[in-house]
Amino acid sequence: MKKKIFSGVQPTGNLHLGNYLGAIKNFVSLNNDDKNECIFCVVDLHAITVSQDPAILRENIRETVATFIASGIDPKKSIIFNQSQVSAHSEAAWILSCIARMGWLNRMTQFKEKAGKDKEKASVGLYSYPILMASDILLYDSTHVPVGNDQKQHLELCRDIAQKFNNDFKVEDFFKIPEPLIQKEFSRIMSLKDGSKKMSKSELSDLSRINLTDEEDQIMNKIKKAKTDSLPIPSNVKELNSRPEARNLIGIYSSLTNSTLENALGNFSGKNFSEFKENLSEILIDKITPISNDIKKLLKDKSYLDKTLEDGCEKANKIASKKVKKIHDIIGF
Ligand code: AMP
Ligand code: TRP
């Protein structure tokens, strides 16, 4: 049986190494396997849960598409589309918001983190965000959802919503219960400045992340300035647990070279960080600069990017609108 893959990325700019190693790299290998049907969505409805400048949002949507293609997703093989252009997503989100329970949403840690201290001022959309995400996934009968570790809880909520709908309306199997696909070895890339914080688009300091549009000298500079400790590189993984910055850099190296943390340590144990950082920079530059160059090239061809989205939307719309019709039928509309 074919696996049906679905994932989404928010068009909020500054796509970084965390997005690449945590999610997009996995999208590419799933796209390359002919046994899969893949759909990758630029989730602009999710992006507006916090305020966005319209002109910048429009450019970021194109940049996200360009990043998908530059990273190796082939729009002829996989559907690449834009969430707001397929109205079924908003429609299903409303219906599923009547299935999801307040108690379930109240447990979502991402909302707590993003809303911060002043929850009263957060948008209602930020709160109900995981329901929209569930709609994205369930509309396409997705069987597998590749995401970074931070989205695991949202996937569990999606499964709960699907199960409750199937039970409430006695339509066993109507919504498929999707499995998360999360990188096993190193699923959370941390800030280069603070090993306890995740690498993020919204972090103020650009030195905290490697952007997928960074040039060679920026990558070199950021790795040189990345926080480490004064001890040499250890020989076993356990020792890394109390050294978050070291663990992060070794983890990035192992993820880029598709090796285990043990193997990565084997190459460098006892050495100091400056030698390791030179190696890491080289590997990063080899991986990131071709992507960065392609993103810039693609961004010059807006009509190609817009056409790619248009084609993707047509395909996505066919699938999603059929599912919404069935939902209407089941609930008695
Ligand atoms: P977002 O940019 O929030 O839409 O995230 C897009 C994808 O990248 C999601 O699957 C996230 O889980 C993943 N992701 C974002 N930041 C990180 C990170 N620091 N480490 C690993 N994965 C990440
Ligand atoms: N919430 C996800 C994130 O911030 C993005 C997303 C939206 C998504 N819809 C999705 C991921 C559906 C997987 C499947 O990273």
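A. Region of interest: the site of ligand 2. What surrounds ligand 2 is a group of 13 residues, the closest being Gln10, Tyr129, Met133, Asp136 and Gln151. Taking Gln151, its side chain carries an N or O atom lying 3.0 Å from a nitrogen atom of ligand 2. For ligand 2, the accessible surface in isolation is 370 Å², of which the surrounding protein chains cover 91%. Given that more than half its atoms are within 2 Å of the pocket grid, ligand 2 belongs to the largest pocket. Looking at the shell around ligand 2 residue by residue, the classes come out as seven nonpolar, five polar and one charged.

B. Main features of the side chain of His154. If you trace the backbone, His154 turns up in helix α8 (residues 152-168). On the basis of relative accessibility, which here comes to 3%, the residue His154 falls in the buried class. Among the polar contacts listed, one links the side chain of His154 to the side chain of Gln151, at a separation of 2.9 Å. When near neighbours in sequence (up to four residues on either side) are disregarded, His154 contacts Met108, Gln110, Tyr129, Pro130 and Met133.

C. Highlighting empty space enclosed by the protein. Within the structure shown, the criterion is met by one cavity of 30 Å³ or more. Empty space within the largest cavity amounts to approximately 40 Å³.

D. Inspection of the pairing of strand β1 (residues 3-9) at higher detail. Across seven bridges, the pairing between β1 and strand β2 (residues 36-42) is parallel. Bridge pairing links Ile5 to Cys38 in β2. At this point the chain moves from β1, through helix α1 (residues 17-32), to the parallel β2, and the crossover so formed is right-handed.

E. Spotlight on a positive patch on the surface. Together, Lys4, Lys176, Lys318, Lys322, Lys325 and Lys326 give the surface a local cluster of positive charge. Note on placement: Lys318 falls in helix α14 (residues 302-331).

F. Focus on α1. At Ala23, α1 shows its strongest bend, of approximately 40°. Along α1, 13 of the 16 residues are buried, which leaves the element largely enclosed by surrounding structure.

G. Examining the layout of surface pockets more closely. Volume-wise, the largest pocket comes out at about 1200 Å³. The wall of the largest pocket is formed by 44 residues, among which Gln110, Lys114, Asp150, Gln151 and Lys198 lie closest to the centre. Its residues assigned to classes, the lining of the largest pocket shows 14 nonpolar, 21 polar and nine charged. Size it by volume and the second largest pocket reaches roughly 250 Å³. When residues of the lining of the second largest pocket are traced back to their parent elements, those giving at least two are α1 and α11 (244-256). By residue number, the principal contributor to the lining of the second largest pocket is α1, which donates four residues. Across the lining of the second largest pocket, the residue classes break down as two nonpolar, eight polar and three charged.

H. Structural view of helix α9 (residues 216-225). Residues Ile219, Lys222 and Ile223 constitute the buried set of α9. The buried residues of α9 occupy one face: seen down the axis, they fall within an arc of 95°. Away from the buried face of α9 by more than 90 degrees, exposed residues Asp217 and Lys224 are located. On its buried face, α9 sits against α13 (273-299).

I. Broad picture of the packing of α11 against α13. Contact pair α11 / α13: the axes reach a minimum separation of 10 Å and the direction vectors enclose 40°. In terms of their interaxial angle, α11 and α13 are classed as oblique. α11 and α13 meet at a crossing whose hand is left-handed. Where α11 approaches α13, its residues Ala246, Leu249, Ile250, Ile252, Tyr253 and Leu256 are matched on the opposing element by Phe273, Phe276, Lys277, Leu280, Ile283, Leu284 and Lys287.

J. Spatial organisation of the site of ligand 1. Contacts to ligand 1 come from 17 residues, most closely from Gln10, Gly148, Asp150, Ile189 and Lys201. The separation between an oxygen atom of ligand 1 and a polar side-chain atom of Asn19 is 3.1 Å. Between Ile189 and ligand 1, the recorded distance is 2.8 Å, taken from a backbone N or O atom to a nitrogen atom. Coverage of ligand 1 by the protein chains reaches 92% of its 490 Å² of free accessible surface. Under a 2 Å grid-point criterion requiring more than half of the atoms, the pocket assigned to ligand 1 is the largest pocket. A per-element tally of the shell around ligand 1 places α1 first, with four residues. Split into classes, the residues belonging to the shell around ligand 1 amount to five nonpolar, eight polar and four charged.

K. Focus on the packing of aromatic side chains. Here the structure, examined in full by the defined rule, presents 15 aromatic pairs. Note on Tyr253 and Phe268: the rings are 5.2 Å apart at their centroids and 90° apart in plane angle, and the pair reads as edge-to-face. With Tyr253 in helix α11 and Phe268 in helix α12 (residues 261-268), this pair connects stretches of sequence that are 15 residues apart. Tyr253 gets classed as buried once you look at its relative accessible area, which sits at 8%. Assessed through its relative accessible area of 4%, Phe268 is described here as buried. The lysine or arginine in question, Lys323, covers the ring of Phe174, its NZ or CZ lying 3.8 Å from the ring centre.

Reading the values: rules and limits
- Residue positions are given per chain, counting from 1 as you read along its sequence in written order.
- To read the labels, note that chains go from A and ligands from 1, taken in the order they are written.
- A pLDDT threshold of at least 70 governs which residues receive local features in this predicted model, and a stricter bar of 80 or more applies before side-chain atom pairs are shown or counted, although totals over entire chains, interfaces and linings include all residues.
- To get the side-chain values, all heavy atoms of the structure are used, and hydrogens and water are removed first.
- Near residues are defined by distance, with any heavy atom within 4 Å of the molecule or strand qualifying the residue.
- Whenever two N or O atoms come within 3.5 Å, that pair is a polar contact, provided that in protein one can donate a hydrogen and the other can accept it, and provided that, for residues adjacent in sequence, both atoms are side-chain atoms.
- Accessible surface area values rest on a Shrake-Rupley calculation with a 1.4 Å probe, where residue burial reflects the displayed protein chains alone.
- Only protein atoms enter the 1 Å grid used here. Points where a 1.4 Å probe fits but cannot escape make up a cavity, open sets with protein on both sides within 12 Å along at least five of seven lines make up a pocket, and a residue lines them when an atom lies within 4 Å of a point.
- Any molecule with more than half of its atoms within 2 Å of a cavity's or pocket's grid points is counted as sitting in it.
- All residues other than Ala, Val, Leu, Ile, Met, Phe, Trp, Tyr, Cys, Pro, Asp, Glu, Lys and Arg, Gly among them, are scored as polar; the first ten of these are nonpolar and the last four charged.
- Strands are runs of DSSP state E lasting at least two residues, helices are runs of H or I lasting at least four, and both sets are numbered from the N terminus onward.
- Each residue is assigned to one of three classes by its accessible area relative to the maximum for its type, calculated with a 1.4 Å probe on protein chains only: buried under 20%, partly exposed between the two thresholds, exposed over 50%.
- Two residues form a contact once any of their heavy atoms are found within 4.5 Å.
- Grid points are joined across faces, edges and corners, and a volume is the space filled by probe spheres set on the points.
- In this analysis, strands are considered paired if DSSP registers two or more bridges between them.
- Orient the strands so they point away from the viewer, and a crossover whose first-strand-to-second-strand path over the helix runs clockwise is right-handed.
- Like-charged residues are merged into a patch within 9 Å and nonpolar side chains (Val, Leu, Ile, Met, Phe, Trp, Tyr) within 5 Å, provided each residue has over 30% relative accessible area and no salt bridge.
- Whenever a carboxyl oxygen of Asp or Glu lies within 4 Å of a side-chain nitrogen of Lys or Arg, that contact is scored as a salt bridge.
- Charge counting treats Lys and Arg as positive and Asp and Glu as negative, with His and both chain ends excluded.
- Note that the charge is assigned to NZ on lysines, CZ on arginines, CG on aspartates and CD on glutamates.
- Values of bend correspond, residue by residue, to the angle between axes fitted over the seven residues ending at that residue and the seven starting there.
- By construction, the arc corresponds to the directions joining the helix axis to the C-beta atoms.
- All axes are obtained by fitting lines to C-alpha atoms, using only the stretch in contact for helices, and the reported angles, taken between N-to-C directions, cover 0 to 180 degrees.
- Angular relationships are summarised with four words: roughly parallel below 35 degrees, roughly antiparallel beyond 145, roughly perpendicular across 65 to 115, and oblique for the angles in between.
- For any helix crossing, the convention is left-handed if the near helix is rotated counterclockwise from the far helix by under a right angle, and right-handed if that rotation is clockwise.
- When two rings of Phe, Tyr or Trp (its six-membered ring) have centres within 6.5 Å they constitute a pair, described as stacked for plane angles under 30 degrees, edge-to-face for angles over 60, and tilted for the intermediate range.
- Only when the NZ atom of a Lys or the CZ atom of an Arg is both within 6 Å of the ring centre and within 35 degrees of the ring normal do we say a charge sits over the ring.

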